[in-house]
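# Per-entry structural report
Okay, here's what each chain looks like letter by letter:
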Amino acid sequence: MLRSRTLDALAGAEVFLKCENFQRVGAFKFRGAYNAVSRLTPEQLSRGVAAYSSGNHAQAVALAARELGTTAVIVMPEDAPPSKRAATVGYGAEIVTYDRYTEDRVAIGEALAAERGLALIPPYEHPHVMAGQGTAALELLEETGELGALLTPVGGGGLMAGSATAAKGLHPGIRTVGVEPEAGDDTKRSLEAGRRVSIPVPRTIADGQALHTPGELTFSVNRRLLDEVVLVTDDEIRDAMRFAFERLKIVVEPSGATPLAALLTGRAGALPRRVGVVVSGGNVDAGRFAELCGSGG
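Sequence order sets the numbering: in each chain, residues are counted from 1 along the sequence as written. Reporting in this predicted model follows two pLDDT cut-offs: at least 70 for local features of residues, and 80 or more for side-chain atom pairs to be given and counted; totals over whole chains, interfaces and linings ignore these cut-offs and use all residues. Side-chain calculation: all heavy atoms of the structure are included, whereas hydrogens and water are not.

Turning our eyes to something else, we now look at the UniProt feature "domain: Tryptophan synthase beta chain-like PALP" (unreviewed entry) in the protein chain. UniProt positions are given in the numbering used here, feature names are shortened, and annotations may be inferred rather than shown by experiment. The sites that carry the UniProt feature "domain: Tryptophan synthase beta chain-like PALP" (unreviewed entry) are, in the present numbering, residues 2–281. Counting from the N terminus, the helices are the DSSP runs of H or I reaching at least four residues and the strands are the DSSP runs of E reaching at least two. With 47% helix and 16% strand, residues 2–281 has end C-alpha atoms that lie 14 Å from one another.

Turning our attention to helix α12 (residues 254–265). A rise of 1.5 Å per residue sets the reference length of α12, with its twelve residues, at 16 Å; its end C-alpha atoms lie 15 Å apart and thus fit the reference within 8%. Looking only at α12, the buried set comprises P254, S255, G256, A257, T258, P259, L260, A261, A262 and L263. Looking one or two residues past α12, G266 carries a phi angle of roughly 80°, positive in sign. To estimate the expected span of a helix, count its residues, drop one, and scale the result by 1.5 Å. Only protein chains enter the calculation, and the probe is 1.4 Å; a residue is then buried if its accessible area is under 20% of its type maximum, exposed if over 50%, and partly exposed in between.

Take unusual backbone geometry next. Residues other than glycine seldom take positive phi values, yet V25 does so here, at roughly 65°. Locating V25 in the fold gives a position in the loop between β1 (14–19) and α2 (29–38). The exposure class of V25 is buried, given its relative accessible area of 8%. Phi is positive for K249, which is not a glycine, with a value near 65°. Tracing the chain through its elements places K249 in the loop between α11 (234–248) and α12. We classify K249 as exposed; its relative accessible area is 65%.

So, on to the packing of α2 against helix α7 (residues 127–144). Between two packed helices, what matters for the description is the angle formed by their axes and the separation of those axes. In this description, a line fitted to the C-alpha atoms serves as the axis of each element, helices being fitted only across the stretch in contact, and the angle between N-to-C directions of two axes falls anywhere from 0 to 180 degrees. For the pair α2 and α7, the least separation of the axes is 7 Å and the interaxial angle reads 135°. The orientation of α2 with respect to α7, classified from their angle, is oblique. The element α2 and its partner α7 pack so that their crossing is right-handed. Along its contact with α2, which presents K29, R31, G32, N35 and A36, the element α7 presents H128, V129, A131, G132, Q133, T135, A136 and E139. Gly is placed with the polar residues, together with every amino acid not listed as nonpolar (Ala, Val, Leu, Ile, Met, Phe, Trp, Tyr, Cys and Pro) or charged (Asp, Glu, Lys and Arg). Looking at the contact of α2 with α7 residue by residue, the classes come out as four nonpolar, six polar and three charged. Put simply, angles under 35 degrees are roughly parallel, angles over 145 are roughly antiparallel, angles from 65 to 115 are roughly perpendicular, and the rest are oblique. With the far helix as reference, a near helix turned anticlockwise by less than a right angle produces a left-handed crossing, and one turned clockwise produces a right-handed crossing. Every residue pair with non-hydrogen atoms within 4.5 Å of one another is taken to be in contact.

Before going further, it helps to spend a moment on the pattern of salt bridges. Counted as salt bridges are all cases of a side-chain nitrogen of Lys or Arg within 4 Å of a carboxyl oxygen of Asp or Glu. This structure, assessed with the given rule, holds 19 salt bridges. For R47, the salt bridge is made with E43, and the minimal N-O distance between the two is 3.0 Å. In this pair, R47 and E43 are both assigned in helix α3 (residues 42–47), four residues apart and thus about one turn of the helix distant. Take E43: its relative accessible area is 55%, and that puts it in the exposed class.

To summarise the sheet geometry, strands pair through backbone hydrogen bonds and adopt either a parallel or an antiparallel arrangement. A strand pair is defined by DSSP finding two or more bridges across the two strands. Read across the open sheet, the four strands follow the order β4-β3-β2-β5; overall the sheet is parallel. Of all the strands in the sheet, just β4 (94–98) and β5 (119–120) have a single pairing partner and so form its edges. Of the pairings in the sheet, the one linking strand β2 (residues 49–52) to β5 comprises two bridges and is parallel in character. When the bridges of β5 are listed, V49 appears paired with A119. Here helix α4 (residues 56–67) sits on the sheet in contact with β2 and β3 (72–77), set at roughly 170° to β3. Where helix α6 (residues 105–116) meets the sheet, it contacts β2, β3, β4 and β5, and its direction lies at approximately 160° from that of β3.

Here it is as structure tokens:
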């Protein structure tokens, strides 16, 4: 957990950052992946696991599989960040690629798992995955005590669902705020409509949040426990990444920087005195980071 006087002054609140960029595989995803894989039967582990992911969940399942003595096959988009793909292969996984704009990764993953007899570990549509992700907020609250608000990135919704469950369970009055990239506002639209809404696959630098619809399980939780969703632009995400690097001395990937962007721009609205933020990950390679944070943007 990280603090910054500069950030406190800019946000007008005491801000507590839960830095999942320091987690194993560089993101919160290891929590849910390990929790889910560790609960498989010995017979399931003997056959192996499958997953689909743009990068962080891919790495998490690959490492969890290795740690638990099994194998992993991961369905990844062709345009996944090279550093995330390389890390996934480095943990011993087999990669199967697809086109995220024309093909359905869920269908591919389910067919692959069925064909090979593998246990499918989805990135968020799984109660054990959601529960594992929520331990990030649980640890934050155990260390900080009661907070008035919790800001968390929202992609498929697993981190938010798990975090909101933990936070509201401990402190029912806490305000839970999800943050999405402006181009990928599927959860915000779904909450406003009262049902899951699909949008075209968003084109945003926040690749971990480039989803077209919320998960069914995650949305069933978030529609009850998520108080608000706010949006940030890609330029605001870049500014937040740059701020984290220059002032906090940490490297944050675009998706992980969205809550920080919401704080720095004031899009999170009037804040209570004490605010928690889940910085979800830091998996961005040096070249991509320089491209995003350089003067050319």
